[in-house]
Amino acid sequence: MLPVPARLRDAVARRPSRRILIPGFARAAVLVPVVERTGGWSLVFTERSSSLALHAGQVSFPGGRREAEDPSLTATALRESAEEMGLSSERVAVLGRLDDVAVYTGFVVTPVVGWLGSGRAFTPDRREVRRIFELPLADLADLACFSYLGTRDVAGEPHPLYEFRHCKARVWGATARMVYDLLGRLGWPAAFRA
């Protein structure tokens, strides 16, 4: 078992995660992979292939729709991570869930936080993933990179829209809401200020 930083484990467990149930919406899950790098932690993202029917070209975490054979949403996140980026579930220490995120395309997505230690080897499935890259949490926590864009109605409820702009990528939509949730649990913005 990978040794997990207590601060990260405790941050994910800090408060119960909010579950969303919307009739007619499909369940999905993503893995929020956290890796240790020199100078701090980074998140691992995928850029989706431009040929996909949904969310083509977007920056996301690895994941997808829950299948009938998946015993849990955590299993969905781990299966999809193995398919999309060649990440063996044995390399992931599952820390818990962030708040569910409802998206206008008819999904409720459960983010599952996973600690990968210093793992580096990923093999993207080129049918689904254009590239795999990392962004340091400290960079994402820079308030100069963050924007609040208002709200978007999903199933009759307003949901906040956030954006993180970094030299390597634009993180927005559901993925940005997940990053926002994780940073908040870690004490952002105060905990990241110099």
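Residues numbered from 1 in each chain as written. Predicted model: local features only at pLDDT ≥ 70, side-chain atom pairs only at ≥ 80, totals over all residues. Heavy atoms only, no water.

Draft legend 1. Fine view of the overall build of the protein chain. The helix and strand tally for the protein chain stands at four helices and eleven strands. For a compact globule of 194 residues, the expected C-alpha radius of gyration is about 16 Å, and the protein chain comes in at 16 Å, within 12% of that figure. Expressed as a percentage of the 194 residues in the protein chain, the buried residues total 50%. The contacts of the protein chain with a sequence gap of at least 6 include a subset with a gap of at least 24, amounting to 66%. Surface exposure of the protein chain reaches about 9400 Å², of which carbon and sulfur atoms provide 53%. Measuring between centres, the 26 positive side-chain charges of the protein chain sit 3 Å from its 21 negative side-chain charges. (Helix = DSSP H or I, 4+ residues; strand = E, 2+ residues; numbered from the N terminus. Rg over C-alpha atoms; globule rule 2.2 N^0.38 Å. Buried < 20%, exposed > 50% of the residue type's maximum accessible area, 1.4 Å probe, protein only. Contact = heavy atoms within 4.5 Å. Areas by Shrake-Rupley, 256 points an atom, 1.4 Å probe, with all protein chains shown as cover. Lys, Arg positive; Asp, Glu negative; His and termini not counted. Charge placed at Lys NZ, Arg CZ, Asp CG, Glu CD.)

Draft legend 2. Broad picture of the sheet that holds strand S10 (residues 157-166). Sheet architecture is open: three strands sit in the order S9-S10-S11, paired in antiparallel fashion. Looking at which strands have only one partner, the edges of the open sheet turn out to be strand S9 (146-154) and strand S11 (169-172). For this sheet, the mean inter-axis angle between neighbouring strands, taken without regard to orientation, is 25°. Most of the contacts of helix H4 (residues 173-185) go to S10, to which it runs at about 85°, and overall it touches S9, S10 and S11. (Pairing = 2+ DSSP bridges. Axes fitted to C-alpha atoms, helices over the stretch in contact; angles between N-to-C directions.)

Draft legend 3. Geometry of H4. If you check H4, its first and last C-alpha atoms are 19 Å apart, about what 13 residues at 1.5 Å a residue would give, namely 18 Å. Counted residue by residue, H4 has eleven buried out of 13 residues, so it is predominantly covered. Buried residues of H4: Gly173, Ala174, Thr175, Ala176, Arg177, Met178, Val179, Asp181, Leu182, Leu183 and Arg185, and no others. Following H4 by one or two positions, Gly187 has its phi on the positive side, about 95°. (Expected span 1.5 Å × (residues − 1).)

Draft legend 4. How the structure looks around the packing of aromatic side chains. If you walk through the whole model with that rule in mind, you get eleven aromatic pairs. An angle of 50° between the planes, with centres 6.2 Å apart, marks the rings of Phe164 and Trp188 as tilted. Of this pair, Phe164 sits in strand S10 while Trp188 sits in the segment after H4, and the two are 24 residues apart along the sequence. Per residue, the accessibility class of Phe164 equals that of Trp188, and both read buried. Three or more aromatic residues joined by ring pairs make a cluster, and in this case those are Phe146, Tyr148, Tyr162, Phe164, Tyr180 and Trp188. Lying across the ring of Phe133, Arg131 places its NZ or CZ 4.1 Å from the centre. Above the plane of the ring of Tyr104 lies Arg152, whose end atom (NZ or CZ) is 3.7 Å from the centre. (Phe/Tyr/Trp six-rings, centres within 6.5 Å; stacked < 30°, edge-to-face > 60°. Lys NZ or Arg CZ within 6 Å of the ring centre and 35° of its normal.)

Draft legend 5. Examining the nonpolar core more closely. Counting 40 residues, the largest nonpolar core has Leu8, Leu43, Phe45, Phe164, Val179 and Leu182 as its most contacted members. With six residues, H4 is the single largest residue contributor to this core. The contacts of Val179, once residues within four sequence positions are left out, are Leu43, Phe45, Phe61, Leu140, Phe164 and Val171. Ala29, Met85, Val92 and Phe122 belong to the second largest nonpolar core, which has 13 residues in total. (Core = buried A, V, L, I, M, F, W, Y, C linked by side-chain atoms within 4.5 Å.)

Draft legend 6. Broad picture of the side chain of Glu80. Secondary-structure assignment places Glu80 in helix H2 (residues 73-85). Classification of Glu80 by relative accessible area gives buried; the value is 8%. Reaching out from Glu80, the side chain makes a polar contact with the side chain of Arg79 at a distance of 3.2 Å. (Polar contact = N/O pair within 3.5 Å; in protein donor to acceptor, adjacent residues only side chain to side chain.)

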